[in-house]
Amino acid sequence: MSCTCFIVPQDVLEKLAKDRSLSKELRKASANASRISVEIRKLRNQAVALTSAATLDGAPLVKLAAAPMVTVYDCKHSQTLPGTPVPKPGSSTDSTAKRTFKETTSVADFYKKVFKRNSIDNAGMTMMSSIHFGVKYNNAMWNGSQMLYGDGDAAIFIDFTNGNDVIGHELTHGVTQHSLQLTYSNDAGGLNESLSDCFGSMFRQWEAKQDVTHADWLIGHDIMGPTAKAKGYTCLRNMANPADPHCLAPQPTRYSQITPGMDPHYSSGPPNLAFCVACTTLGGKSWEKIGQIWYRGLTGFGPSPNMKMKDFADRTRKLASQMYSGTPAVATAVDKGWKQVGL
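Residues numbered from 1 in each chain as written. Predicted model: local features only at pLDDT ≥ 70, side-chain atom pairs only at ≥ 80, totals over all residues. Heavy atoms only, no water.

**Structural notes on the pairing of strand 1 (residues 70-74)**
1) Next: Counting buried positions over the 5 residues of strand 1 gives 5, a clear majority of the element.
2) Next: Along strand 1, one buried face is formed by Val70, Val72 and Asp74 and the opposite face, lined by Thr71 and Tyr73, is buried too.
3) Next: Pairing analysis gives 2 bridges linking strand 1 to strand 2 (residues 84-85), with the strands arranged antiparallel. Within the sheet, the bridge partner assigned to tyrosine 73 lies in strand 2 and is proline 85. (Buried < 20%, exposed > 50% of the residue type's maximum accessible area, 1.4 Å probe, protein only. Helix = DSSP H or I, 4+ residues; strand = E, 2+ residues; numbered from the N terminus. Pairing = 2+ DSSP bridges.)

Next up, the structure:
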């Protein structure tokens, strides 16, 4: 069940590390981030395997708390996790700590108020974050039990906690770990990344009280540094136009363009577009109807580690008809989204 689950794809870091138009220091920062990411991935693989084993064993879900505790730790630019506890992070003088606490608490509120979910595992699990991880670390990730955030190199990327969609995206990997348990390869891998993009974008829109026409549908817009912007990059991904050349990691737009072994950060393009088209076709707010369907598809049927995109598409079609039988426009919008990407 191999899974990277970083916000920045591995190949993007490798490409930046070889980009001679960047300074030696910036190339080194991306190369270091790439190497460290490989090792952190091993930690997450073990955590995901443990979650899967517990599910197979039939371990009962015990309610840990009525609402999750949100904690923040400071790595102080080391690679030691979790780091030093930040006392009262909500009022910390460290803007990264304060922002991490605020946005993580907001993600918990989003899942509770919109989907009636109690934390990542739906049982009140503590939502723990480690900030200032590494030196100029160019990534953020869910490692299977907690979040970690790099500060970025201040050129290609800035502090990863600046992206509320990044925080929502990565924490949703935890939700997937505790529900559908998708693997990180082939169709399931693309779905895994897409679900995180969908809920990360919904969270960003929910915080801004945006309807689908006012949302920009960009992922990672707020973590782009001045050098990236000077090169014409506006985001990591664009859900409304996955092939957008202004994305640092443009994606295919059709299911037929997905190739065996493709990195899930790229194969997530078609289901991302399907979700966006469904939302914009129906109108209104993404989390009110289409988001409810996607959430039920994610959490309502138990683990399905190797799920195919076609199966998820058909599941959401069926859910749309069942959940909103009196509003046929919902099912029409979902169907249109999947048909646009060849599913």
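**Brief notes about the packing of aromatic side chains**
1) Next: Inspection of the entire model under this criterion finds 18 aromatic pairs.
2) Next: A centroid spacing of 5.3 Å and a plane angle of 55 degrees characterise the contact between phenylalanine 110 and tryptophan 206, whose relative ring orientation is tilted. A residue pair is termed long-range when its members are at least 10 positions apart, and phenylalanine 110 in helix 3 (residues 95-115) and tryptophan 206 in helix 5 (residues 186-208) qualify at 96 residues. The pair formed by phenylalanine 110 and tryptophan 206 is uniform in burial state, with each residue classed as buried.
3) Next: Here the guanidinium or amino end of arginine 315 rests over the ring plane of phenylalanine 301, the centre of that ring lying 4.0 Å away. (Phe/Tyr/Trp six-rings, centres within 6.5 Å; stacked < 30°, edge-to-face > 60°. Lys NZ or Arg CZ within 6 Å of the ring centre and 35° of its normal.)

**Looking at the packing of helix 4 (residues 164-177) against helix 5**
1) Next: Relative to each other, helix 4 and helix 5 sit at 135 degrees, their axes nearing to 7 Å. Taken together, helix 4 and helix 5 sit at an angle that is classed as oblique. In this structure, the crossing between helix 4 and helix 5 has a hand that is right-handed. Taking contact as the criterion, the partners of Asn164, Asp165, Gly168, His169, Thr172, His173 and Thr176 in helix 4 are, on helix 5, Asn192, Glu193, Leu195, Ser196, Asp197, Phe199, Gly200, Phe203, Arg204 and Glu207.
2) Next: Here the contact of helix 4 with helix 5 is composed, by residue class, of 3 nonpolar, 9 polar and 5 charged. (Axes fitted to C-alpha atoms, helices over the stretch in contact; angles between N-to-C directions. Parallel < 35°, antiparallel > 145°, perpendicular 65-115°, else oblique. Left-handed = near helix turned anticlockwise from the far one by under 90°. Contact = heavy atoms within 4.5 Å. Nonpolar A, V, L, I, M, F, W, Y, C, P; charged D, E, K, R; others polar.)

Shape is all these values report; function is a separate question.
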